[in-house]
Amino acid sequence: MGDTRHTKVLIIGSGPAGYTAAVYSARAMLNPILIQGLQPGGQLTITTEVENWPGDTHVMGPDLMVRMQEHATAMGAEIIGDYISSLDLSRRPFTAQADSGTTYTADAVILATGAQARWLGLPSEEKFKGFGVSACATCDGFFYRGKEIVVIGGGNTAVEEALFLTNFASKVTLIHRRDSLRAEKIMQDRLFKHPKIHMMWNHEVTEVLGTEAPLGVTGVRARNVQTGAEQIVPCAGFFVAIGHAPASELVKDQLALHSGGYVAVEAGSTRTAIPGVFAAGDLTDHIYRQAVTSAGMGCQAALDAERFLSGH
Ligand code: FAD
Ligand code: NAP
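In this numbering scheme, every chain counts its residues from 1 along its sequence in written order. For this description, chains carry letters from A and ligands carry numbers from 1, given in the order in which they are written. Note on the predicted model: pLDDT of at least 70 is required for a residue's local features to be given, and 80 or more for side-chain atom pairs to be given and counted; whole-chain, interface and lining totals, by contrast, use all residues. Processing note: side-chain calculations cover all non-hydrogen atoms of the structure and skip hydrogens and water entirely.

Trainee: Please explain the pattern of salt bridges as it appears in this structure.
Mentor: Close approach of charged atoms allows side chains with opposite charge to pair. The term salt bridge refers to a pairing of a side-chain nitrogen on Lys or Arg with a carboxyl oxygen on Asp or Glu at a separation within 4 Å. Evaluated as defined, the whole model comprises 11 salt bridges. When the shortest N-O distance is used, the salt bridge between arginine 67 and aspartate 56 registers 3.0 Å. Highlighted residues: arginine 67 in helix 2 (residues 61–75) and aspartate 56 in the loop between strand 3 (49–50) and strand 4 (59–60), separated in sequence by 11 residues. With relative accessibility at 40%, the residue arginine 67 sits in the partly exposed group. Two residues, lysine 127 and glutamate 212, come together in a salt bridge whose shortest N-O distance is 2.4 Å. With lysine 127 in helix 3 (residues 123–127) and glutamate 212 in the loop between strand 14 (203–211) and strand 15 (216–224), this pair connects stretches of sequence that are 85 residues apart. Look at the salt bridges and you will find they share partners, linking Glu207, Arg221 and Glu230 into a network. Numbered from the N terminus, helices here are DSSP runs of H or I no shorter than four residues, and strands are runs of E no shorter than two. Using a 1.4 Å probe on the protein chains alone, a residue whose accessible area is under 20% of its type maximum counts as buried, one over 50% counts as exposed, and one in between counts as partly exposed.

Trainee: What should I look at first to understand the state of the cysteines in this one?
Mentor: Between two cysteines, a covalent bond joining their sulfur atoms is known as a disulfide. For the purposes of this analysis, a disulfide is any pair of cysteine sulfur atoms at a distance within 2.5 Å. Following the criterion strictly, the structure yields one disulfide and no others. For cysteine 136, the disulfide goes to cysteine 139, at an S-S distance of 1.9 Å. Handedness here is read from the sign of the S-S torsion; for cysteine 136 and cysteine 139, about 65°, the answer is right-handed. In this structure cysteine 139 comes out as partly exposed when scored by relative accessible area, which is 31%. Note on cysteine 235: no disulfide assigned, nearest cysteine sulfur contributed by cysteine 136 at a separation of 17 Å.

Trainee: What is the right way to read the site of ligand 1 from this model?
Mentor: By nearness alone, 32 residues border ligand 1, and Ser14, Gln36, Gln39, Gln43 and Ala291 come closest of all. Polar contact is defined as a pair of N or O atoms within 3.5 Å, subject to the rule that within protein one atom must be able to donate a hydrogen and the other to accept it, and that residues adjacent in sequence are counted only when both atoms are side-chain atoms. A distance of 3.2 Å separates an oxygen atom of ligand 1 from a polar atom in the backbone of proline 16. One of the backbone N or O atoms of leucine 38 is found 3.4 Å from an oxygen atom in ligand 1. Out of a free accessible area of 1000 Å², ligand 1 has 94% covered by protein chains. Put simply, the parts of the chain that give the shell around ligand 1 at least two residues each are helix 1 (16–27) and helix 7 (291–310). All residues other than Ala, Val, Leu, Ile, Met, Phe, Trp, Tyr, Cys, Pro, Asp, Glu, Lys and Arg, Gly among them, are scored as polar; the first ten of these are nonpolar and the last four charged. When its residues are assigned to classes, the shell around ligand 1 shows 15 nonpolar, 15 polar and two charged. Residues are counted as near a molecule or strand when any one of their heavy atoms sits within 4 Å of it. All accessible areas in this document rest on Shrake-Rupley with a 1.4 Å probe, and a residue is counted as covered only by the protein chains that are shown.

Trainee: Before we go on, may I ask you to explain the domain arrangement of the protein in this structure?
Mentor: How big an interface is tends to be stated in terms of the accessible area lost upon association of its parts. What the domain assignment lists for the protein is domain 1 (4–116 + 244–310) and domain 2 (119–240). For each domain, the first and last residues come from an automatic or database assignment. Relative to domain 2, the C-alpha centre of domain 1 lies at a distance of 32 Å. Note: buried area is the sum, over both parts, of the accessible area (probe 1.4 Å) each one loses when the two are combined. At the boundary of domain 1 with domain 2, total buried surface from both sides reaches about 560 Å², with 44% on carbon and sulfur atoms. The interface formed by domain 1 and domain 2 contains zero salt bridges. Where domain 1 touches domain 2, the interface holds zero residue pairs in polar contact (both at pLDDT 80 or more).

Trainee: Which parts of the structure should I look at to understand the sheet that holds strand 12 (residues 171–175)?
Mentor: Two strands in a sheet stick together by hydrogen bonds in their backbones, pointing the same way (parallel) or opposite ways (antiparallel). Only strands that DSSP links by at least two bridges are regarded as paired with each other. In space, the five strands of this open sheet follow the order 10-17-11-12-13, with parallel pairing throughout. Sheet topology places strand 10 (133–134) and strand 13 (197–200) at the edges, where each strand pairs with a single neighbour. Packing of helix 5 (residues 156–165) onto the sheet brings it into contact with strand 11 (148–152), strand 12, strand 13 and strand 17 (237–240), and relative to strand 11 it is tilted by some 170°. Contacts between residues were defined by any pair of non-hydrogen atoms, one from each residue, lying within 4.5 Å. Every axis in this analysis is a line fitted to C-alpha atoms, fitted for helices over the stretch in contact. Angles between the N-to-C directions lie between 0 and 180 degrees.

Trainee: How do you make sense of the site of ligand 2 when you look at a structure like this?
Mentor: As a structural note, the neighbourhood of ligand 2 is formed by 16 residues, with Asn156, Thr157, Glu160, Arg178 and Arg182 the closest of them. Between a nitrogen atom of ligand 2 and a side-chain N or O atom of glutamate 160, the distance comes to 2.6 Å. Alone, ligand 2 offers 910 Å² of accessible surface; in the complex the protein occludes 75% of this. Tallied by class, residues from the shell around ligand 2 come to two nonpolar, nine polar and five charged.

Trainee: Honestly, the nonpolar core in this entry has me stumped. Any pointers?
Mentor: Across soluble globular proteins, nonpolar side chains have a tendency to be buried as a group. One finds Ile11, Tyr19, Trp53, Ala72, Ile110 and Phe278 to be the most contacted residues of the largest nonpolar core, which totals 33 residues. Mapped by element, the contributors of at least two residues to this core are strand 1 (4–12), helix 1, helix 2, strand 8 (103–111) and helix 7. Counting residues per element, this core draws most heavily on helix 7, at eight residues. Residues within four places of isoleucine 11 in sequence aside, it is in contact with Gly18, Ala21, Ala22, Ser25, Pro32, Ile33, Leu34, Ile35 and Ile110. Among the buried residues, those of types Ala, Val, Leu, Ile, Met, Phe, Trp, Tyr and Cys that are joined through side-chain atoms within 4.5 Å form a nonpolar core. Listed in part, the 22 residues of the second largest apolar core include Ile12, Tyr104, Ala106 and Val251.

This is the structure we're talking about:
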């Protein structure tokens, strides 16, 4: 049998949303406990340079997250390396069961478990991740000024990413596995009219090609799904935009979800339908998905939790 620990505020997740919620709730003297999960520091720990975090022209993603953790600790938050395997939100105090065997009970819970980009699952894609393969045009587009880029996907994200990348690239090829996009029509219109965009219908990418030293992408192998014919599409950047998977597994049967699994919150707040349960960051956000917006929502969640607790 493991221990049981009670806290006023339990924060689940250690990305920008979780750490910011920890800073604010610690400064509100709520003695928060933050559970880091399997990816301490969250998604930014798998990237290299971040150039859009205000105050830092350049910062390495993993370094930024270490600083956020240190900040939260310095303010008095307790950071624990553990993973929450189940969560009961049916009554207060809420109960979270951790992999270590510890049970956490909490008067308020801030969910900040983020989202993960979906990948194709190719070994070559894995090899070149961060070296020409990306899932975030806003983050990495700048590195491909004047170069050719390939984007894969057919939803709003792929179309948005392709259009955004035209700001940098000499040419953007959008590869889609069918002959029509699922993106909104207005977005499609913009896409088809853009002189830098080239559509490649009915194709899938079977391999990312590149150099070893330095590690870098030179193209992708594309296969026509109808004829099986293969061709190589040259590019310096390959952007995978086939959807994101929000980490809402813990609450999928307890809270309302939207847009394929994102936790729904009341407009303009981080309040979920269950009083005392708040959600912040990429877990709730299918549109912006940025470190700074996640941190902003982490702040909101801590303030919302503080108000909730002071009313009880
Ligand atoms: P995440 O960072 O996704 O963190 C989620 C946290 O939840 C993790 O710590 C995880 O361990 C934890 N967790 C999940 N499940 C559990 C559980 N059951 N129990 C306990 N903990 C759990 N954004 C920018 O603004 N600029 C960039 O340059 C940039 N570059 C990026 C590069 C890459 C390669 C990627 C993938 C993303 C990039 N982003 C960038 C997006 C940015 O990383 C995300 O918007 C941001 O990290 C989301 O923060 P978050 O706190 O919501 O969640
Ligand atoms: P999505 O709508 O689920 O689209 C994913 C796309 O990737 C689909 O076109 C799909 O092809 C393709 N795909 C999936 N797996 C693939 C694979 N293994 N190989 C090749 N292609 C694959 O995801 P999304 O575009 O990220 O959007 C998610 C949600 O966020 C949607 O609700 C969307 O409307 C919303 N969103 C909104 C905005 C906005 O409002 N501005 C912006 C971005 C996202 P098929 O079409 O063949 O299935």
